[in-house]
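# A closer look at the structure
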Amino acid sequence: MLVCQCNVITDREIIRVIRDLLAADPWQIIVPAKVYRELEKRCKCSGCVPNVVDLITTVTHEYHLEIADSSAEVKAPPVVSPPRRKFKGAGHERRSTSYRTA
Ligand code: FES
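So, here's what we can say about the structure.

Turning to the pattern of salt bridges, a few remarks are in order. Going through the model one piece at a time under the given rule, you end up with two salt bridges. Where Asp 20 meets Arg 16, a salt bridge forms, and the shortest distance between an N and an O atom there is 3.7 Å. Residue Asp 20 and its partner Arg 16 are both found in helix H1 (residues 11-24); the two are separated by four residues, about one turn of the helix. Its relative accessible area of 45% is what places Arg 16 among the partly exposed residues. Here Arg 19 and Glu 66 are joined by a salt bridge, their closest N and O atoms 2.8 Å apart. With Arg 19 in helix H1 and Glu 66 in helix H3 (residues 49-70), this residue pair connects regions lying 47 residues apart in the sequence. Exposure remark for Glu 66: the relative accessible area of 40% places this residue in the partly exposed category.

See below:
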């Protein structure tokens, strides 16, 4: 299906570019400008941008489902301990004990 009439770009070309970008980095944010840059085209009237955004979201979602299914082991998220309380009462604010203001 022809997505961009100005540059004559089909949905297959856009999907291929999106999947190539996701193969390089699965968690990168893909925007239509990045797709056009990979295709070495320029967006002219922007009439196709909503369709390109739909393709990006659909293909990215499918790609993430694929890599989630293909990963054999599921790693548990790291346990993060709560931060320690650093302030235990009024400190000396890095002043020496002989320091007096008045
Ligand atoms: S339809 Fe894609 S730039 Fe015009």
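It is worth spelling out the nonpolar core at this point. Counting residues in hydrophobic clusters, the biggest one holds 18 residues, and the most contacted among them are Ile 14, Ile 18, Ile 30 and Val 35. Sorting the residues of this core by element identifies strand S1 (2-4), H1, helix H2 (32-38) and H3 as the ones contributing at least two each. Residues contacting Ile 14, with those up to four places away along its chain left out, are Val 3, Ile 9, Val 35, Leu 39, Val 52 and Leu 55.

Our focus in this paragraph is the side chain of Asp 11. Within the fold, Asp 11 resides in helix H1. Comment: no salt bridge for buried Asp 11; closest opposite-charge side chain is Arg 12, at 5.2 Å. Dropping the residues within four chain positions of it, Asp 11 is found in contact with Met 1, Val 3 and Leu 55.

Each pair of packed helices can be described by the angle between their axes along with the distance between the axes. Orientation of H1 relative to H3, taken along the N-to-C sense of each, is 45 degrees, at an axis distance of 10 Å. Viewed along their axes, H1 and H3 adopt a mutual orientation that is oblique. Regarding H1 and H3, the two cross each other, and that crossing is right-handed. Residue-level inspection shows Asp 11, Ile 14, Ile 15, Ile 18, Arg 19, Leu 22 and Ala 23 of H1 in contact with H3, the latter providing Val 52, Leu 55, Ile 56, Val 59, Thr 60, Tyr 63 and Glu 66. In the contact of H1 with H3, the residues fall into ten nonpolar, one polar and three charged.

The rules behind these values
Residues numbered from 1 in each chain as written. Predicted model: local features only at pLDDT ≥ 70, side-chain atom pairs only at ≥ 80, totals over all residues. Heavy atoms only, no water. Salt bridge = Lys/Arg side-chain N within 4 Å of Asp/Glu carboxyl O. Helix = DSSP H or I, 4+ residues; strand = E, 2+ residues; numbered from the N terminus. Buried < 20%, exposed > 50% of the residue type's maximum accessible area, 1.4 Å probe, protein only. Core = buried A, V, L, I, M, F, W, Y, C linked by side-chain atoms within 4.5 Å. Contact = heavy atoms within 4.5 Å. Lys, Arg positive; Asp, Glu negative; His and termini not counted. Axes fitted to C-alpha atoms, helices over the stretch in contact; angles between N-to-C directions. Parallel < 35°, antiparallel > 145°, perpendicular 65-115°, else oblique. Left-handed = near helix turned anticlockwise from the far one by under 90°. Nonpolar A, V, L, I, M, F, W, Y, C, P; charged D, E, K, R; others polar.

Just geometry here; none of it tells us what the structure is for.
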